[in-house]
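As a plain string of letters, each chain reads:
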Amino acid sequence: MYDFILKGGTIVDGTGHKAYAADLAIGDGKIVAIGPDLNSRPAKVLDVTGLAVAPGFIDIHSHSDTSFLIDERCESKLYQGVTSEVAGQCGASMFPCLEERLAQLIAADASEERAYISTSYAEFRTRIAQAERRMSTNLLSLVGHGTLRAGVLGYDNRPATAAELVTMVSLLERDLLAGAWGLSLGLGYTPGVSADVAELIALGKVVAKYNGHIPAHMRDQGDNTPQSLDEMYAINRQSGARVHIAHFKAGGKDNFGRAPEFVRHVTRAQQSGVAVTVDVYPYTAASSGITNSFPKWSIQGGLEQTLLRLQTKERATIYAFLSQAFSTREDGESLYIVSTNDRFPQADGKDIWQLSQELALSMAETILTVTERTQARAVCISHSMNQADVDFFLAQADYAVGSDGRALPFDPAANKGKPHPRNFGTFPRFLRQAREQGFATLETAIRRISELPAAIVGLTDRGVIKQGLVADLTVFCPQIISDRATYRDPFQRPVGIEHVFVAGRPALLHGQQTELRLGAFLLRR
Ligand SMILES: [Zn+2]
């Protein structure tokens, strides 16, 4: 007995194998039959002639940790065909911590959802369940190393003591046993920036024990990318945990053109036996906090420490660094302020050049002013990559694609400023570019957003269209699927996505989201 039959479509099964014409039947949340001329009553039949039937897209690099708490529709992801998201990235998650550190973690978080920060993954999920909060995409949670570290020893800029490391290991192990998928690193941010490789290897051994993975926002994503990659390989070699390079890039104008060199670096490591994988996003701009422009030493110890440094003689050193980084009008125009969270409205939506003209300050002083006025909490978009490099990364057949974005509503009034278009368009954009530029066949492109991310993460019951697997499905028109979100107007629905099923039930039908909220926390077993 079938619940749904998708009739007349082309199955792009996620493995990279050639697409084929077949009907697909869904029953009891699973894919129960694939073949010609499936018929059964009382199944609902959807005519999907001319459309591709693919596994629901898996966003391997998501920051949707708390999106559903703000809006359970998770619109910007669901409308892209995303059914599962790997969250807790770049070292930051909603847990874990020691009981006595909880208040400090909450105080360091400026978001409204900070009340949900929890001492453990299990507690976090229990609180979500008790509050009867729903979600529209599945979430796979990672333990953020930065959160774990701050949750044990605070934001101190120093190595963890042996006793603290033992505590970190035990909290990590507890949360991996509770279903977390690995440990994310955010080594370019505080407090991850204060960790040495020995600490990461010790934690990596726990991750390896449970066959999790370690996705990393690396220590450096520009000049010192090779050294940062070496650090990741060392973690793999000495801990046994699989490592993953998140949002791989050649950042900063001095590094434009280095993508081939960086790709070769990874390929050589893979050939020498290092278990390392990669994801990229199809945009030339990054998005991060204002202090991402600062020298790394100046962000050690936490945002409060950074702000204190601006009141000492170190301000001059930071100023000199920023003056060099922002020496031309073009430099200033490449950094754009999305939102100051109501702390400095005059800066919202402006680039640093424009704002410096209005304030009659140098660009470096403008950045320092924004930092101080917002308590270092301004969100920025930085045009820090070149197109040829991004294209080169995107053309790698074994690189997964992740958004580095979060689920947001389409209503501009429900958003803060103009967020990065990657939140709204990553997956349709990738499929459009693969079609237009020809760097990947449809089958390969789909594999990079379904089976490949599932394999990297260790998710075994989704990511492929196969009898018996969970029926997370995205049905789209391969000829027209496209993003429409731009930097100027990000709040645009993609086109070409017809139906999305989550666990066998329709989350999106005929291009419109249904009333069902079918997402859940998926647990590592
Ligand atoms: Zn990151």
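Notes on the structure follow. Numbering of residues starts from 1 in every chain and runs along the sequence as written. In keeping with the model being predicted, local features are shown solely for residues with a pLDDT of at least 70 and side-chain atom pairs are shown and tallied solely at 80 or more, while totals for entire chains, interfaces and linings include all residues.

### So, helix H4 (residues 121–130)
How we decide: Every C-beta atom is placed from the backbone, and the number of other C-beta atoms within 10 Å of a residue's own sets its class: buried at 20 or more, exposed at 12 or fewer, partly exposed in between. Secondary structure is summarised from DSSP: a helix means a run of H or I of at least four residues, a strand means a run of E of at least two, and numbering begins at the N terminus for each. Starting at the helix axis, one direction is taken to each C-beta atom, and the arc is that of these directions. Contact criterion: two residues are in contact if their C-beta atoms, reconstructed from the backbone, are within 7 Å.
Regarding H4, the residues found buried are Tyr 121, Phe 124, Arg 125 and Ile 128. End-on, the buried residues of H4 take up no more than an arc of 95°, which puts them together on one face. Seen from the buried face of H4, the exposed residues on the opposite side, beyond 90 degrees, are Thr 126 and Gln 130. Buried residues along H4 sit in contact with strand S10 (138–141), helix H6 (162–177) and strand S24 (521–522).

### Let's talk about the environment of Thr 267
Inspection of the secondary structure assignment puts Thr 267 in helix H9 (residues 259–271). Thr 267 gets classed as partly exposed once you count the C-beta atoms within 10 Å, which come to 13. Once the C-alpha coordinates of Thr 267 and Ala 52 are considered, the two residues, 215 residues apart in sequence, prove to be 32 Å apart.

### Regarding the packing of helix H5 (residues 145–153) against H6
This is how the line gets drawn: Fitted lines through C-alpha atoms give the axes, limited to the stretch in contact for helices. The angle between two N-to-C directions lies from 0 to 180 degrees. Any angle that is under 35 degrees is reported as roughly parallel, and any over 145 degrees as roughly antiparallel; angles of 65 to 115 degrees are reported as roughly perpendicular and all others as oblique. Crossing handedness is read from the near helix: turned anticlockwise from the far helix by less than a right angle, it gives a left-handed crossing, and turned clockwise, a right-handed one. Three categories are distinguished: nonpolar for Ala, Val, Leu, Ile, Met, Phe, Trp, Tyr, Cys and Pro, charged for Asp, Glu, Lys and Arg, and polar for the others, with Gly belonging to the last.
Across the interface, H5 lies against H6 with an axial gap of 10 Å and an inter-helix angle of 130°. When the axis of H5 is compared with that of H6, the two are oblique. Here the hand of the crossing between H5 and H6 comes out right-handed. Together, Leu 148, Arg 149, Gly 151, Val 152 and Leu 153 of H5 and Glu 164, Thr 167, Met 168, Leu 171 and Leu 172 of H6 make up the contact between the two elements. Each residue belonging to the contact of H5 with H6 can be placed in one class, and the counts come to six nonpolar, two polar and two charged.

### Quick word on the packing of H9 against helix H15 (residues 387–394)
Put simply, H9 and H15 touch, their axes get as near as 9 Å, and they point 25° apart. Here H9 lies roughly parallel to H15, going by the angle between them. Each of Ala 259, Pro 260 and Val 263 in H9 lies in contact with H15, whose residues at this interface are Asp 389, Phe 392 and Phe 393.

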